[in-house]
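Residue strings, one per chain:
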Amino acid sequence: MPILVTGGAGYIGSHTCVELLNAGYEIIVLDNLLNSKRESLNRISEITGKSFPFYKINLLNEGEIEQVFIENDIEAVIHFAGLKAVGESVRLPLRYYHNNITGTINLLNIMKKYDVNRLVFSSSATVYGMPEKVPISEEFPLKALNPYGRTKLMIEEILKDLFESDPNWSIALLRYFNPIGAHESGTIGEDPNGIPNNLMPFITQVAIGKMPELSVFGNDYQTADGTGVRDYIHVTDLAKGHLKALEKVASSQEIEAYNLGTGKGYSVLEMVEAFEVATGVPVPYKVVSPRPGDAAICFADASKAKRELQWTAEKSLRDMCEDSWRWQYNNPNGFDKNLIATGTGNPHLSKSGDFFNTKIE
Ligand code: NAD
Ligand code: UFG
């Protein structure tokens, strides 16, 4: 019986589809391609040598979701689909509440109707708000600081209420820390629209010459070098965590939250240095004002996932940097093949090209 992957064309979803197919699962992908490209699905097939059904469907359309459940005997759902840009959520809160919460409720209604009650949900470390100490464990108080974070927190609450009402459900709430990196093939990865909000896509775009320099948001935090510290996790490790969570929901009847992080924190300047060392490409930067709402330090206590899911992150920071760069270098315009590469102005590319000639295949 197949696993339904909502948002499977997106960044984390596509990497999880690869791991699911490689592990022998049958999958069905549902995505409206609002923040992703159809090409990512072709690449998943290229990597795995497997094909799978794709439904271009909006979760806001309950009737269309139902059609997927009528046509397929679904075993469990991994629910990635949602909007995720914090700044945009502050400007367009109703869009975020409607898309993320109504979309999830529609999905849950149909799952309930067709008696599919195994669910793995993409939550976020954002539900811890400004943590008072680190490492952050699952028992920490929950507090969201923006509409995006509140959609995650509200969906967690909805799922807890659903479980209370019907203990036949089994639900894993996966609280991701900072996913970066890309599949080691360099053929799928994060493809942000416009100017990236997040650190690693910004670093790779500076490295390839699309952006002149990185703005480091503040260097006066209470951290070793004054810049913000985060728990960066390779997206393939994160994807594998979903397979472990799937096994868990298949064999239990509970709702549990799990932190998916490495348990290690790196500062912005450490990330810049790690990237430069791993790739040989310099990343010019300047320090600017802190970004409002940013915590100084955020990293996971990931021991619960280790204990209960038998999952730990395995890839190194070097792997994360190399794989992020391989994806960016091979796909300067992301999945959009029709655009002409814009990265050729960077004098360091020939050096990094050599790096990849020796690295790939
Ligand atoms: P993404 O934007 O790459 O993928 C999300 C996918 O969902 C996209 O392909 C998009 O088209 C689809 N989608 C959105 N709304 C939809 C709708 N109404 N109907 C159908 N499809 C819809 O994002 P991602 O980075 O892969 O994140 C996946 C999930 O993980 C999201 O729920 C996100 O909030 C969560 N998350 C991401 C991060 C991160 O840093 N990337 C951190 C914590 C949590
Ligand atoms: N940073 C910069 N310059 C940039 C971008 C980021 O200095 O151009 C810094 C930030 O200040 C922070 C660190 O790099 O110290 C990481 O920032 P990201 O934007 O990459 O990640 P965040 O931890 O701020 O946010 C991420 C996701 C959110 C999610 C949050 C908690 O983007 O969606 O993790 O899970 F809510």
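Residues numbered from 1 in each chain as written. Chains lettered and ligands numbered in written order. Predicted model: local features only at pLDDT ≥ 70, side-chain atom pairs only at ≥ 80, totals over all residues. Heavy atoms only, no water.

## Quick word on the sheet that holds strand β14 (residues 297-298)
Part 1: Read from one edge to the other, the open sheet built from three strands follows the order β12-β9-β14, with strand pairing classed as mixed. At either end of the open sheet lies a strand with only one pairing partner, and these are β12 (266-267) and β14.
Part 2: Where strand β9 (residues 229-230) and β12 come together, two bridges link them in antiparallel fashion. When the sheet's bridge partners are listed, V229 is paired in β12 with S267. (Pairing = 2+ DSSP bridges. Helix = DSSP H or I, 4+ residues; strand = E, 2+ residues; numbered from the N terminus.)

## Observations regarding the packing of aromatic side chains
Part 1: Summed over all chains, the structure comprises six aromatic pairs.
Part 2: When the centroid spacing of 6.1 Å and the interplanar angle of 45° are considered together, the rings of F69 and Y114 count as tilted. Of this pair, F69 sits in helix α3 (residues 62-71) while Y114 sits in the loop between α5 (93-113) and β5 (118-124); the two residues are 45 residues apart in sequence, bridging distant segments of the chain.
Part 3: Residue Y114 is classed as partly exposed on the basis of its relative accessible area, which comes to 29%.
Part 4: Through a chain of ring-to-ring contacts, three or more aromatic side chains come together here, namely Y128, F140 and F177.
Part 5: Lying across the ring of Y258, K304 places its NZ or CZ 5.0 Å from the centre. (Phe/Tyr/Trp six-rings, centres within 6.5 Å; stacked < 30°, edge-to-face > 60°. Buried < 20%, exposed > 50% of the residue type's maximum accessible area, 1.4 Å probe, protein only. Lys NZ or Arg CZ within 6 Å of the ring centre and 35° of its normal.)

## Overview of the confidence of the model for the protein chain
Part 1: Mean pLDDT over the protein chain works out to 93, with 93% of the residues at or above the 70 mark.
Part 2: Per-element averaging of pLDDT across the protein chain places helix α12 (residues 349-359) at the bottom with 34 and strand β4 (residues 76-79) at the top with 99.
Part 3: Considering only residues more than four positions removed or in separate chains, one finds that residues 340-361, a stretch of pLDDT under 50, has 36 contacts. (pLDDT = per-residue confidence, 0-100. Contact = heavy atoms within 4.5 Å.)

## Some words on the side chain of N72
Part 1: Note that N72 resides in the loop between α3 and β4.
Part 2: Discounting chain neighbours no more than four positions away, the residues touching N72 are I28 and Y55.

## Side note on the site of ligand 1
Part 1: Inspection of the region around ligand 1 gives 26 residues, with D31, N35, S36, F80 and Y148 positioned closest.
Part 2: Within the backbone of Y11, an N or O atom sits 2.8 Å from an oxygen atom of ligand 1.
Part 3: Between ligand 1 and D31, the relevant distance is 2.6 Å, taken from an oxygen atom to a side-chain nitrogen or oxygen of the residue.
Part 4: Protein chains shield 95% of the accessible area of ligand 1, which is 820 Å² for the free molecule.
Part 5: Those elements that place two or more of their residues in the shell around ligand 1 are α1 (11-22), β5 and α6 (147-165).
Part 6: Element by element, the count of residues in the shell around ligand 1 is highest for β5, at three residues.
Part 7: Partitioned by chemical class, the residues of the shell around ligand 1 number twelve nonpolar, eleven polar and three charged. (Near = heavy atom within 4 Å. Polar contact = N/O pair within 3.5 Å; in protein donor to acceptor, adjacent residues only side chain to side chain. Areas by Shrake-Rupley, 256 points an atom, 1.4 Å probe, with all protein chains shown as cover. Nonpolar A, V, L, I, M, F, W, Y, C, P; charged D, E, K, R; others polar.)

## Here's the deal with the layout of surface pockets
Part 1: Here the second largest pocket is characterised by a volume of approximately 280 Å³.
Part 2: Considering the residues around the second largest pocket, the lining is formed by 23 residues, among which E190, D191, P192, Q205 and Q328 are closest to the centre.
Part 3: Those elements that provide at least two residues to the lining of the second largest pocket are α7 (199-207) and α11 (317-330).
Part 4: The leading source of residues in the lining of the second largest pocket is α7, at four residues.
Part 5: A per-class count over the lining of the second largest pocket returns eight nonpolar, ten polar and five charged. (1 Å grid on protein atoms, 1.4 Å probe; cavity = no way out; pocket = protein on both sides within 12 Å on 5 of 7 lines; lining within 4 Å. Points joined across faces, edges and corners; volume = space filled by probe spheres on them.)

## Examining the sheet that holds strand β1 (residues 3-6)
Part 1: With parallel pairing, the seven strands of this open sheet are ordered in space as β3-β2-β1-β4-β5-β6-β11. Both edges of this open sheet fall to β3 (54-56) and β11 (255-260), since each of them pairs with a single strand only. Neighbour-to-neighbour, the strand axes of the sheet open up by a mean angle of 20°, direction not taken into account.
Part 2: Of the strand pairs in this sheet, β4 and β5 are connected by three bridges, and their pairing is parallel. Within the sheet, the bridge partner assigned to H79 lies in β5 and is F121.
Part 3: Relative to strand β6 (residues 170-176), helix α8 (residues 235-250) is tilted by about 160°, and along the sheet it contacts β1, β4, β5, β6 and β11. (Axes fitted to C-alpha atoms, helices over the stretch in contact; angles between N-to-C directions.)

## So, the pattern of salt bridges
Two side chains with opposite charge may pair up if their charged atoms get near one another.
Part 1: Counting across every chain of the model gives 14 salt bridges.
Part 2: Residues joined in a network through salt bridges with shared partners are E156, K160 and R175. (Salt bridge = Lys/Arg side-chain N within 4 Å of Asp/Glu carboxyl O.)

## Topic: the site of ligand 2
Part 1: The local shell around ligand 2 holds 21 residues, among which N198, S215, R230, R291 and D294 are the closest.
Part 2: One of the backbone nitrogen or oxygen atoms of F217 is found 2.9 Å away from an oxygen atom of ligand 2.
Part 3: Between D294 and ligand 2, the recorded distance is 2.6 Å, taken from a side-chain N or O atom to an oxygen atom.
Part 4: Considered on its own, ligand 2 offers 680 Å² of accessible surface; in the complex 88% of this is hidden by protein.
Part 5: The element contributing the most residues to the shell around ligand 2 is strand β8 (residues 214-217), with four residues.
Part 6: Taken together, the residues of the shell around ligand 2 break down into ten nonpolar, seven polar and four charged.

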